[in-house]
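Inside the fold
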Amino acid sequence: MDEENLRKLCAEKAMEYIKNDTVIGLGAGRNIACLIELLSIEVKKNDLKIRIVTPSDNTKNICIKYGIEVLPTYLVEEVEVAFDGCGEVDKNFYASKGGGGVFTKEKIIGSMSKTYILLIDEEKLKEELSLIHPISLEVIKDSLGYVSKMVKNLGGNPSVRTSNNKDGYLITDDGNYLLDVNFDTIDDFKKLNDNLNNIVGVVGTSLFTREVNKLIISGENGIRVISKN
């Protein structure tokens, strides 16, 4: 089965978790774009009433293009269900994100959600998170030196994220820096995440150790769903 059909099947399965007259969260990526197309059909044909919160400007623009209402996240207290992707997720439902640099906002929406579902390809599901992807931290500018020191004390090798499109350090929408941290070994991802979050100046991490409670997985044999116990 080709990737396009798998994405469609993944999005169709996600639609089963969407209720009328609710606020839903959407991340970014090709699976999410496919889901938005299906949502737009239901909005137009069957008068589905939904409103969207998203950390992604691209997702926001696609929703507006299809006539789907987007709310500022700060106006919302609770989300019925949210969908997103990730770099990796393991059998503990620990997920690694961070590539897009909006993981703090993604985690806010995940925490607000009654159900937080990742739409992933089979190869992203691991027995345990690997060390392929660095752990990213969003940090307040003035804390950069201090946070770097504390991260090194935890065994990490930090580097400030830069961009080819900008001179100097990359800055988030909220005016913070992104610190990408590589570790040679990680024995306990949850403990490490807690330790990183406890460093003064860290706004958020790209490790999701408690937010995810369902996976919709696409692979050669079709679609399967795994729920957190």
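Keep in mind that what you see is a predicted model, and the values were worked out from it rather than measured. (Residues numbered from 1 in each chain as written. Predicted model: local features only at pLDDT ≥ 70, side-chain atom pairs only at ≥ 80, totals over all residues. Heavy atoms only, no water.)

1. Brief notes about the overall build of the protein
Across its full length, the protein holds six helices and 16 strands. Here the C-alpha atoms of the protein give a radius of gyration of 18 Å, agreeing with the 17 Å that 2.2 N^0.38 yields for 229 residues. Along the first, second and third principal axes, the C-alpha atoms of the protein reach 55 × 35 × 35 Å. Expressed as a percentage of its 229 residues, the buried residues of the protein come to 49%. Counting contacts in the protein only where the partners sit at least 6 residues apart, residues at least 24 apart contribute 74% of the total. (Helix = DSSP H or I, 4+ residues; strand = E, 2+ residues; numbered from the N terminus. Rg over C-alpha atoms; globule rule 2.2 N^0.38 Å. Buried < 20%, exposed > 50% of the residue type's maximum accessible area, 1.4 Å probe, protein only. Contact = heavy atoms within 4.5 Å.)

2. What to know about helix H4 (residues 103–112)
Among the 10 residues that make up H4, seven are buried, leaving the element largely enclosed by the rest of the structure. Buried within H4 we find Phe 103, Thr 104, Glu 106, Lys 107, Ile 109, Gly 110 and Met 112.

3. A look at the sheet that holds strand E13 (residues 202–205)
Strand order in the open sheet formed by four strands is E9-E12-E8-E13, with antiparallel pairing between adjacent strands. Each edge of the open sheet carries a strand with a single partner, namely strand E9 (156–160) and E13. Neighbour-to-neighbour, the strand axes of this sheet turn through a mean angle of 30°, independent of strand direction. Relative to strand E12 (residues 177–183), strand E8 (residues 135–139) runs antiparallel, the two sharing five bridges. Among the inter-strand pairings, Glu 138 is bridged to a residue of E12, identified as Leu 178. Along the sheet, H4 makes contact with E8, E12 and E13, crossing E13 at roughly 70°. Most of the contacts of helix H5 (residues 144–153) go to E9, to which it runs at about 155°, and overall it touches E8, E9, E12 and E13. (Pairing = 2+ DSSP bridges. Axes fitted to C-alpha atoms, helices over the stretch in contact; angles between N-to-C directions.)

4. Focus on the sheet that holds strand E1 (residues 22–26)
Taking strand neighbours across the sheet as the criterion, the six strands line up as E2-E1-E3-E6-E15-E16 in an open arrangement whose pairing is mixed. Two strands close off the open sheet at either side, each with one partner strand: strand E2 (50–53) and strand E16 (222–227). Between one strand and the next, the sheet's axes are offset by a mean angle of 20°, whatever the strand orientation. Sheet topology places E1 next to strand E3 (residues 79–84); three bridges connect them, and they run parallel. Paired with Leu 26 across the strands is Phe 83, a residue of E3.

5. Here we look at the state of the cysteines
What we call a disulfide is simply a covalent bond connecting the sulfur atoms of a pair of cysteines. One pass over the structure, following the stated rule, counts zero disulfides. Cys 86 takes part in no disulfide bond, and the closest cysteine sulfur, belonging to Cys 10, lies 11 Å away. (Disulfide = S-S within 2.5 Å.)

6. Some remarks on the nonpolar core
Ile 18, Leu 26, Leu 35, Leu 39, Phe 83 and Leu 119 are the most contacted members of the largest nonpolar core, which totals 24 residues. Looking at this core element by element, the count peaks at six residues for helix H2 (residues 30–45). Ignoring any residue separated from it by four or fewer positions in sequence, one finds Ile 18 in contact with Ile 24, Leu 35, Leu 39, Leu 48, Ile 50, Val 81 and Phe 83. Of all hydrophobic cores here, the second largest spans 22 residues; its members include Ile 109, Met 112, Phe 208 and Ile 217. (Core = buried A, V, L, I, M, F, W, Y, C linked by side-chain atoms within 4.5 Å.)

7. Describing the pairing of E1
Burial within E1 is extensive, with five of its five residues counted as buried. Residues Thr 22, Ile 24 and Leu 26 line one face of E1 and the alternating positions Val 23 and Gly 25 line the opposite face, and both faces are buried. In the sheet, E1 pairs with E2 via four bridges, with the strands oriented parallel. When the sheet's bridge partners are listed, Gly 25 is paired in E2 with Val 53.

8. Side note on helix H1 (residues 3–15)
Along its 13 residues, H1 runs 18 Å from first to last C-alpha, staying within 8% of the 18 Å computed at 1.5 Å per residue. Within the span of H1, buried status applies to Leu 6, Arg 7, Cys 10, Ala 11, Ala 14 and Met 15. Those residues of H1 that are buried lie in contact with H2, E3, strand E6 (113–121), strand E15 (214–219) and E16. (Expected span 1.5 Å × (residues − 1).)

9. Concerning the domain arrangement of the protein
Taken domain by domain, the protein comprises domain 1 (3–127 + 209–218) and domain 2 (135–205). One C-alpha centre belongs to domain 1, the other to domain 2, and the line joining them spans 25 Å. With 10 residues of domain 1 at the interface, the matching set in domain 2 holds 14 residues. Summed over the three residues of domain 1 that lose the most area to domain 2, namely Phe 103, Thr 104 and Thr 209, the buried surface amounts to 45% of that side. On inspection of domain 1 and its partner domain 2, the count reaches two salt bridges. The residue Asp 173 makes a salt bridge to Lys 105 at a minimum N-O spacing of 3.9 Å. (Domains from an automatic or database assignment. Buried area = accessible area lost by both parts, 1.4 Å probe. Salt bridge = Lys/Arg side-chain N within 4 Å of Asp/Glu carboxyl O.)

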